[in-house]
Amino acid sequence: MAAIPGYPEQDIVELATDIWPTVRSALHSVMIVLISDMHPGPSPGNASDSGPPTPTKELTSPLSPTIYTPSVSAQSSIHHPQPTSPPSRHPSMGGSRSATLHITFALVFESVSPFDVREIGLLQKRVSQLREIIESRTGLSDIRLSARRSALRSDQTLADCGLVSGDTIVVTPNPNMRARKPVIYLLPPSALPDVSVNLSLIPSWTFSAIYPPVETLKATMSNTHRPGQSIVWTVSADPDGTLVDKTTGLEVSYLFWEASPTSSLPTPEASRAASPVEETGLVTFDPAHPTVSPEESILLPAGDVPAYLDAALKALALHTEARTSFITYWLPDLLRHEHIALRFVAQESYERAAPLAVSPAPDVVTRVFMLFRGVPADELGLWDAARARAAEDAALWAGVVGIDAARASDPALFRVLEWGGMEVR
């Protein structure tokens, strides 16, 4: 153990209960002596009583909490072990046993296999470091850690949070991350009395809001072995974009949906969308694990983002009303940060995560989905590539998303336009 004034290292000392919280963080290893397992020692008055006892079996366990991730989808209760008597210098002690100190991590995520992490001084790690350990093992990044019904702050150590061996930390999805306001415009060159709009989702996300309201069904998608949810709207569509929902009779300007990640683990076919620099092939956008990195995004001061977005969205064939709605919808979230990194997801990648089928078939479909995040001042040095890319023409995103701007703006064609986004935390 760590040196304690008045006692040599490796000596057996008595720790009163009231000072245990103070010395716990300094311990490198712990030997728990169970009184009931001690062999009888010398009788009182024997000269051999003057020194500490010699254990018949010494097994010292490093202070290395265990991380355990069960595959169950329910939160586990927090377990607090009953306190045991601290080691004593009483002469009757003649043997000892040890116990491994551990912390249990209950993850409310699907398909997570149990695993252990053992290292000295884990209780002295900050919660932020713990997040890195969990992400490296599971791929989970946007998570919330809590214990004893309180959230754990990233700048605190586990010991600062009052955690001890036997406690449980519950790992849950960040409830604030979701795909927000994807809206679908139908723009036919002439009136269409019956248009079917079928939207499906892979299991990485589920619908959280729909308007006009329709029944949520189980999807049957031919392009994936992992069907999730689906919805179908049946509407009439006029050239000015006015839609009338056949089920509710509601007259609307667009079809609205939102979805939340289901927190399942990444699948082999899920990956990043193509970057603005190099096409990386057809991949599936994974809404449960979105990414915004310096290699695939632009970085700007938040105050410069609206003008940049207007230019980018114009290049992506959004009409005036759509550009205005897009920018004003996201503006309050953008202005909460000093610097913003953003990118647009390749349409083919996005289509694989949320297949859209419209009948009669449109001439052109444009689907624009933005990912963004705030970048703190102390991380700006890591984003030089993104800062340089922001100086380029915003029209670069037309190539990244993969649209034909001329056809997407042609009023003689039956056009479908969708825009939405997600803040990555």
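Scroll up to find the structure this text is about.
Residues numbered from 1 in each chain as written. Predicted model: local features only at pLDDT ≥ 70, side-chain atom pairs only at ≥ 80, totals over all residues. Heavy atoms only, no water.

**Comments concerning the overall build of the chain**
Here is step 1: Helices and strands together make up the secondary structure of the chain, namely eight helices and 19 strands.
Here is step 2: Considering the chain as a whole, with its 425 residues, one finds that 48% of them fall into the buried category.
Here is step 3: A separation of at least 24 residues holds for 79% of the contacts in the chain among residues at least 6 apart in sequence.
Here is step 4: Of the accessible surface of the chain, which amounts to about 20,200 Å², a share of 53% is contributed by carbon and sulfur atoms. (Helix = DSSP H or I, 4+ residues; strand = E, 2+ residues; numbered from the N terminus. Buried < 20%, exposed > 50% of the residue type's maximum accessible area, 1.4 Å probe, protein only. Contact = heavy atoms within 4.5 Å. Areas by Shrake-Rupley, 256 points an atom, 1.4 Å probe, with all protein chains shown as cover.)

**Overview of the environment of Glu-251**
Here is step 1: If you trace the backbone, Glu-251 turns up in strand S13 (residues 251-252).
Here is step 2: Classification of Glu-251 by relative accessible area gives exposed; the value is 61%.
Here is step 3: A C-alpha to C-alpha distance of 9.3 Å links Glu-251 and Val-235, two positions 16 residues apart in sequence.
Here is step 4: With near-sequence residues (within four places) excluded, Glu-251 lies in contact with Thr-242, Leu-243 and Val-244.

**Regarding the pattern of salt bridges**
Here is step 1: Tallying each qualifying case throughout the model produces eight salt bridges.
Here is step 2: The closest approach of N and O atoms between Arg-336 and Glu-423, which form a salt bridge, is 2.8 Å. Here Arg-336 is found in the loop between helix H4 (320-334) and strand S16 (339-344), whereas its partner Glu-423 is found in strand S19 (residues 415-423), with 87 residues between them in sequence.
Here is step 3: On the basis of relative accessibility, which here comes to 48%, the residue Arg-336 falls in the partly exposed class.
Here is step 4: A salt bridge links Arg-367 to Glu-351, with the nearest nitrogen and oxygen atoms 2.5 Å apart. Of this pair, Arg-367 sits in strand S18 (residues 364-374) while Glu-351 sits in helix H5 (residues 347-353), and the two are 16 residues apart along the sequence.
Here is step 5: Residue classification places Arg-367 among the buried positions, given a relative accessible area of 0%.
Here is step 6: Among the residues examined, Glu-351 registers a relative accessible area of 25% and is labelled partly exposed.
Here is step 7: One network of salt bridges, in which partners are shared, links Asp-333, Arg-336 and Glu-423. (Salt bridge = Lys/Arg side-chain N within 4 Å of Asp/Glu carboxyl O.)

**So, unusual backbone geometry**
Here is step 1: For the bond from Tyr-211 to Pro-212, the omega torsion is -10°, close enough to zero to count as cis.
Here is step 2: Tracing the sequence through the fold places Pro-212 in the loop between strand S9 (205-211) and strand S10 (217-218).
Here is step 3: The omega torsion of the bond from Ser-359 to Pro-360 falls at 5°, within 30 degrees of zero and hence cis.
Here is step 4: Positive phi is not limited to glycine here, since Ala-317 has a value of about 75°.

**Notes on the packing of aromatic side chains**
For any two aromatic rings, the description comes down to two numbers: the centre-to-centre distance and the angle of the planes.
Here is step 1: Evaluation of the coordinates by the stated rule reveals 13 aromatic pairs.
Here is step 2: With a centroid separation of 5.5 Å and an interplanar angle of 70°, the aromatic rings of Tyr-185 and Tyr-254 are classed as edge-to-face. Here Tyr-254 lies in the loop between S13 and strand S14 (255-261) and Tyr-185 lies in strand S7 (residues 180-187), a separation of 69 residues in the sequence.
Here is step 3: Exposure remark for Tyr-185: the relative accessible area of 5% places this residue in the buried category.
Here is step 4: Of the residues examined, Tyr-254 reaches a relative accessible area of 23% and is grouped as partly exposed.
Here is step 5: Centroid distance Trp-205 to Phe-285: 6.2 Å. Interplanar angle 75°. Geometry classified as edge-to-face. A residue pair is termed long-range when its members are at least 10 positions apart, and Trp-205 in strand S9 and Phe-285 in the loop between S14 and strand S15 (298-301) qualify at 80 residues.
Here is step 6: Judged by relative accessible area, Trp-205 falls into the buried class, the value being 1%. (Phe/Tyr/Trp six-rings, centres within 6.5 Å; stacked < 30°, edge-to-face > 60°.)

**Here we look at the nonpolar core**
Here is step 1: Counting 40 residues, the largest nonpolar core has Ile-184, Leu-186, Val-197, Trp-205, Trp-233 and Trp-257 as its most contacted members.
Here is step 2: The element that contributes the greatest number of residues to this core is strand S11 (residues 229-237), accounting for four residues.
Here is step 3: In contact with Trp-233, other than residues within four places in its own chain, are Ile-184, Val-195, Ser-196, Val-197, Ile-210, Tyr-211, Pro-212, Val-214, Asp-245, Leu-255, Phe-256 and Trp-257. (Core = buried A, V, L, I, M, F, W, Y, C linked by side-chain atoms within 4.5 Å.)

**A few points about the sheet that holds S9**
Here is step 1: A sheet is described by the order of its strands in space; here seven strands give the open sequence S9-S14-S7-S19-S18-S16-S15, paired in mixed fashion. Each edge of the open sheet carries a strand with a single partner, namely S9 and S15. Direction aside, the axes of adjacent strands within the sheet are offset by 25° on average.
Here is step 2: Summarising the sheet, S15 and S16 pair through four bridges and their orientation is antiparallel. The residue of S16 that forms the bridge with Pro-301 is His-339.
Here is step 3: Along the sheet, helix H3 (residues 305-315) makes contact with S15, S16 and S18, crossing S16 at roughly 10°. (Pairing = 2+ DSSP bridges. Axes fitted to C-alpha atoms, helices over the stretch in contact; angles between N-to-C directions.)

**Let's talk about H4**
Here is step 1: If you check H4, its first and last C-alpha atoms are 20 Å apart, about what 15 residues at 1.5 Å a residue would give, namely 21 Å.
Here is step 2: Three or more residues of H4 are buried, namely Ala-322, Arg-323, Ser-325, Phe-326, Ile-327, Trp-330, Asp-333 and Leu-334.
Here is step 3: Residues of H4 that are buried make contact with S7, H3, S16, S18 and S19. (Expected span 1.5 Å × (residues − 1).)

**Section: the pairing of S19**
Here is step 1: Of all nine residues making up S19, nine are buried, and the element is well covered by its neighbours.
Here is step 2: Of the two faces of S19, the one lined by Arg-415, Leu-417, Trp-419, Gly-421 and Glu-423 and the one lined by Val-416, Glu-418, Gly-420 and Met-422 are each fully buried.
Here is step 3: Looking at chain direction, S7 and S19 are connected through six bridges and run antiparallel. If you follow Tyr-185 over to S19, its bridge partner there is Leu-417.
Here is step 4: Here S18 runs beside S19; their pairing, made up of nine bridges, is parallel. Opposite Thr-366, over in S19, you have Leu-417 as the bridge partner.

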